[in-house]
Amino acid sequence: VQAVAAYFDEAARLLDLDEDTREVLGSSYREVAVQVPVRLDSGDLTVVRGYRVQHNGARGPYKGGVRFHPSADLDEVRALASLMTWKTALLDLPFGGAKGGVEVDPTGMTRDEVQRMTRRYTRSIHHVLGVYRDIPAPDVNTDAQVMAWMLDEFSLLHGYSPAIVTGKPVAFGGAPGRESATGRGAVEVLAALCRHLGVDLRGQRVAIQGFGQVGSWAARALVEKGATVVAVSDVHGGVVRPEGLDVDALVGLVAGGGSVVEAVGRDGIEAVGNPELLELDVDVLVPAALGPVVTDANADRIRARIVVEGANHPTTPSGDKILADRGVIVVPDILANAGGVTGSYFEWTQNIQQFTWKEERFLAELADRLSGAYQATQRFADDEGVTLRTAAFALGVRRVAEAVRLRGYV
Ligand code: NAD
């Protein structure tokens, strides 16, 4: 939470942003907190808190995911909303930034309970949502089905509105390509970075922490581009094979409800712990799970030369500083995982036009936007002599500051 504010402050200093603009960009436009009563299957009632924070909408409708998590309190949702503002601006998408959350652990709830909670939350915040006002998407513990329920609930109140949420099931207004967009996007950025460094992505050895939507698609895209995925993990632990893992087989294991650790023992695959995976002797490390995992406690032991942040804020500011001092290139989250919101933008435009794209078009546009954003970030970093993270934040903040000025707010 403090990390996002620290990165904003650094960008503001670099841009020499005036006090008035800092004040506008440093706080959120609207913060809605609601009571969400949920009737459990047992007949008991549980009352949880729900939030929707709209950080800044100067560049377009608010956009950002909804997470169901016990730590999704107002502070966290507020920080994540501002991160979305800088991310959509960096990618030059016509959106502002928002985030939603319900402070709850949904893992012990039944699907019926989650559905009732989703509908109640949607009903409580529907007045601040809208196709041109605020468009939610999935995030931690919310998925395409949850988006389908949100769309249905919103449509009961406002009429059929497929563009009100993104990340929907393909059979219900979703866009082919969206599911893979975040993982593929991270790999497109890495490919562009490798071209810049004069390094061949083919043969690069990669370790990926987290094998969910982001990590597993990043793994598939890496293999397609000829890289070698030597280690992956999930919440149960990791697997490593120095000659490279059979990613499709691991995807099959996980799709069947299993864990990657079930592959230990096959084909010379060995077990590796999640903390040890981060320190393997690889060229590229992709943190794609949850929470801060690269900190001042382990940053000096990371052996990868490139870290691609598939997850949101996997690196603490102190860990980040150690990596920078050691010359490790960090592709920051707001660039590395921006394929998700870029894919959401494509889904939204298709819904509005009632016109569907083929997946090839989706993936080609995605690659184009992400490599373009990387190039702009690299150019800024080179010109100013700063890291890719500082450059990415500064580019995002600068675009929002300009829109705020043009609107006459400051
Ligand atoms: P997911 O739930 O599909 O997958 C998470 C993966 O991490 C799973 O394999 C899980 O087992 C593993 N994991 C969870 N806790 C772990 C732990 N403590 N140690 C090791 N592994 C652990 O989630 P996702 O959609 O892939 O999202 C991953 C990260 O990427 C999150 O930080 C999310 O905010 C971020 N992100 C996702 C998207 C998207 O489009 N899905 C977009 C932008 C950012």
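Above this text sits the structure in question.
Keep in mind that this is a model prediction, so the values were computed, not measured.

Caption draft 1: A look at the sheet that holds strand E5 (residues 134–138). Taken in spatial order, the 5 strands of this open sheet run E1-E2-E4-E3-E5, and their pairing is mixed. Two strands in the sheet have a free side with no partner beyond their single neighbour: strand E1 (30–39) and E5. Shown here is a sheet whose adjacent strand axes are inclined to one another by a mean of 20°, direction ignored. Sheet analysis places strand E2 (residues 45–56) next to strand E4 (residues 97–102), joined by 6 bridges and oriented antiparallel. Residue pairing in the sheet places Tyr51 in a bridge with Gly101 of E4. Across the sheet, helix H4 (residues 111–125) lies against E1, E2, strand E3 (62–68) and E4, angled at about 145° from E1, the strand it touches most.

Caption draft 2: Molecular detail of the environment of Arg202. Assignment of secondary structure puts Arg202 in the loop between helix H6 (178–197) and strand E6 (205–209). By relative accessible area, which is 56% here, Arg202 ends up exposed. Each C-alpha atom, one on Arg202 and one on Leu250, is 21 Å from the other, the two residues being 48 residues apart in sequence. Ignoring any residue separated from it by four or fewer positions in sequence, one finds Arg202 in contact with Lys225, Gly226 and Ala227.

Caption draft 3: Main features of the packing of H6 against helix H13 (residues 359–384). At their nearest, the axes of H6 and H13 sit 8 Å apart, and the two run at 45° to each other. In this view, H6 runs oblique relative to H13, as classed from their interaxial angle. Viewed along their axes, H6 and H13 form a crossing whose handedness is right-handed. Residues Arg178, Ser180, Ala181, Arg184, Gly185, Glu188, Val189, Ala192, Leu193, Arg195 and His196 of H6 lie in contact with H13, whose contacting residues are Phe362, Leu363, Leu366, Ala367, Leu370, Ser371, Tyr374, Gln378 and Asp382. Taken together, the residues that form the contact of H6 with H13 break down as 10 nonpolar, 5 polar and 5 charged.

Caption draft 4: A look at a negative patch on the surface. There is a patch of like negative charges on the surface, built from Asp16, Asp18, Glu19, Asp20 and Glu23. Structurally, the position occupied by Asp20 is in helix H2 (residues 19–25).

Caption draft 5: Just helix H10 (residues 317–325), in detail. Along H10, the residues classified as buried are Gly319, Asp320 and Leu323. The buried residues of H10 occupy an angular sector of 100° when the element is viewed end-on, so they sit on one face. Away from its buried face, by an angle of more than 90 degrees, H10 presents the exposed residues Lys321 and Asp325. For H10, the elements touching its buried residues are helix H1 (2–15), strand E11 (306–308), strand E12 (329–331) and helix H14 (388–406). Remark: Gly327 follows H10 within two positions and exhibits a positive phi of approximately 80°.

Caption draft 6: Region of the structure containing the packing of H1 against H14. In the contact formed by H1 and H14, the axes pass within 8 Å of each other and the chain directions differ by 75°. The angle between the axes of H1 and H14 places the two elements in the roughly perpendicular class. Of the residues in H14, those in contact with Val4, Tyr7, Phe8, Glu10, Ala11, Leu14 and Leu15 of H1 are Arg389, Thr390, Phe393, Ala394, Val397 and Arg398. Classifying every residue of the contact of H1 with H14 gives 9 nonpolar, 1 polar and 3 charged.

Conventions we followed
The numbering scheme is per chain: residues are counted from 1 as the chain's sequence reads. Predicted model: local features are reported for residues with pLDDT of at least 70 only, side-chain atom pairs are reported and counted for 80 or more only, and whole-chain, interface and lining totals are derived from all residues. Note: side-chain values were computed over all heavy atoms of the structure, leaving out hydrogens and water. Here the rule is simple: two strands pair whenever DSSP picks up at least two bridges between them. Put simply, DSSP H or I for four residues or longer makes a helix, DSSP E for two residues or longer makes a strand, and each gets a number counted from the N terminus. Convention adopted: a line fitted to C-alpha atoms gives each axis, helices being fitted over their contacting stretch, and angles between N-to-C directions are expressed from 0 to 180 degrees. Contact criterion: two residues are considered in contact whenever any of their non-hydrogen atoms come within 4.5 Å of each other. Type-normalised accessible area, obtained with a 1.4 Å probe on protein chains alone, sets the label of each residue: buried when under 20%, exposed when over 50%, and partly exposed for intermediate values. For classification purposes, an angle smaller than 35 degrees is called roughly parallel, one larger than 145 roughly antiparallel, one from 65 to 115 roughly perpendicular, and anything else oblique. Handedness of each helix crossing follows the sense of rotation of the near helix against the far helix: counterclockwise by less than a right angle gives left-handed, clockwise gives right-handed. Here the nonpolar group is Ala, Val, Leu, Ile, Met, Phe, Trp, Tyr, Cys and Pro; Asp, Glu, Lys and Arg are the charged ones; every other residue, Gly included, is treated as polar. For patches, a residue must show more than 30% relative accessible area and have no salt bridge; joins then use 9 Å for like charges and 5 Å for nonpolar side chains, namely Val, Leu, Ile, Met, Phe, Trp and Tyr. For accessible areas, the Shrake-Rupley method is used with a probe of radius 1.4 Å. Any residue's cover is judged against the shown protein chains and nothing else. Whenever Lys or Arg places a side-chain nitrogen within 4 Å of a carboxyl oxygen from Asp or Glu, that contact is recorded as a salt bridge. Under the counting rule used here, the positive set is Lys and Arg, the negative set is Asp and Glu, and His together with the chain ends is not counted. Where a charge sits is defined by one atom per residue type, namely NZ (Lys), CZ (Arg), CG (Asp) or CD (Glu). Within this analysis, the arc is defined by the directions that extend from the helix axis to the C-beta atoms.

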